[in-house]
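Residues per chain are reported as follows:
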Amino acid sequence: SSLVIVDWDHIGAWNAADAVEAIRALCDHGVAEVPVYDIAASTRTGSHMLTRTGDRFIAEGLFAAAIVDSCRAAGILDAAICLRRNRMITFGLRLARDLREGRKSPRVLVRRGWRLMKDEPRIIADAVAHGCESMSPRQARKMLLALGS
């Protein structure tokens, strides 16, 4: 029999409307209730209150491009970026993080990382299609520092 796991990289495993509302709450009130997930167990385990410190914050993640349009329409978006670097470096960094955090078995993590690495050009193209600016980590750091001034 084959192993079936929840695909946390599939947009259907995520609630975009709730994410936009949490961002709106952070913008309007400086605090929002956000879910806590146990990726190793493939389940949501609760929630916690997230408090914004400072005037701005950065929301990031694999699904960020899916809410750029909604955040822009709501007037709660300063900038939208998509980091790009050599795919093998991204694969290695992602695998090291996932192994360190015990997110899934090493076999599953290698397969997942390889799939995401192969799909990276489409992921970046989708983000750009939603208005994200594709840039290197160094370019992003410079832009974010400039936004903060």
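Structure shown above.
Everything quoted here is computed from the prediction, not taken from an experiment.

**A few points about the overall build of the chain**
Stage number 1. When helices and strands are tallied, the chain shows five helices and four strands.
Stage number 2. Along its sequence from the N terminus, the chain presents helices and strands in the succession α-β-β-α-β-α-α-β-α.
Stage number 3. Over its C-alpha atoms the chain spans a radius of gyration of 16 Å, differing by no more than 12% from the 15 Å that the globule rule assigns to 149 residues.
Stage number 4. Projecting the C-alpha coordinates of the chain onto the three principal axes gives extents of approximately 50 × 35 × 25 Å.

**Regarding the packing of helix 3 (residues 87–100) against helix 4 (residues 106–129)**
Packed helix pairs are characterised by how far apart their axes lie and by the angle those axes make with each other.
Stage number 1. The geometry of helix 3 relative to helix 4 is characterised by a closest axis approach of 9 Å and an angle of 150° between their N-to-C directions. When the axis of helix 3 is compared with that of helix 4, the two are roughly antiparallel. Of the two elements, helix 3 crosses helix 4, and the hand of that crossing is right-handed. On the side of helix 3, the interface is formed by R87, M88, T90, F91, R94, L95, R97, D98 and L99, while helix 4 contributes P106, L109, V110, R112, G113, W114, L116, M117, K118, E120 and P121.

**Some details on the nonpolar core**
Stage number 1. If you look at the biggest cluster of nonpolar residues, it comprises seven residues: A65, V68, A80, C82, I124, A127 and C132.
Stage number 2. Contributing elements (two or more residues each) for this core: helix 2 (65–73) and helix 4.
Stage number 3. Counting six residues, the second largest nonpolar core, distinct from the first, contains A19, I67, C71 and I76.

**Digging into the pattern of salt bridges**
Stage number 1. Throughout the structure, instances matching the rule amount to seven salt bridges.
Stage number 2. Taking the shortest distance from any N to any O, the salt bridge between R103 and D98 comes out at 3.3 Å.
Stage number 3. Relative accessible area serves as the criterion here: at 1%, D98 is assigned to the buried category.
Stage number 4. The salt bridge partner of R103 is E101, with a shortest N-O separation of 2.7 Å.
Stage number 5. A relative accessible area of 19% means that R103 is categorised as buried.
Stage number 6. Salt bridges sharing common partners tie together R97, D98, E101, R103 and R112.

**Considerations on helix 2**
Stage number 1. Turning to helix 2, its buried residues are A65, I67, V68 and C71. End-on, the buried residues of helix 2 take up no more than an arc of 135°, which puts them together on one face.
Stage number 2. Considering only its buried residues, helix 2 is in contact with helix 1 (16–29) and helix 4.
Stage number 3. Once helix 2 finishes, G75 follows within two positions and takes phi at roughly 75°, a positive value.

**Regarding the packing of aromatic side chains**
Stage number 1. Summed over all chains, the structure comprises one aromatic pair.
Stage number 2. Pairing F91 with W114 gives two aromatic rings, centres 5.7 Å apart and planes at 90°, and the pair type is edge-to-face. Separated by 23 residues along the polypeptide, F91 in helix 3 and W114 in helix 4 bring together distant segments of the chain.
Stage number 3. Residue F91 is classed as buried on the basis of its relative accessible area, which comes to 11%.
Stage number 4. Using a relative accessible area of 41% as the deciding quantity, one classes W114 as partly exposed.

Definitions and limits used
- Residues numbered from 1 in each chain as written.
- Predicted model: local features only at pLDDT ≥ 70, side-chain atom pairs only at ≥ 80, totals over all residues.
- Heavy atoms only, no water.
- Helix = DSSP H or I, 4+ residues; strand = E, 2+ residues; numbered from the N terminus.
- Rg over C-alpha atoms; globule rule 2.2 N^0.38 Å.
- Axes fitted to C-alpha atoms, helices over the stretch in contact; angles between N-to-C directions.
- Parallel < 35°, antiparallel > 145°, perpendicular 65-115°, else oblique.
- Left-handed = near helix turned anticlockwise from the far one by under 90°.
- Contact = heavy atoms within 4.5 Å.
- Core = buried A, V, L, I, M, F, W, Y, C linked by side-chain atoms within 4.5 Å.
- Buried < 20%, exposed > 50% of the residue type's maximum accessible area, 1.4 Å probe, protein only.
- Salt bridge = Lys/Arg side-chain N within 4 Å of Asp/Glu carboxyl O.
- Arc of directions from axis to C-beta.
- Phe/Tyr/Trp six-rings, centres within 6.5 Å; stacked < 30°, edge-to-face > 60°.

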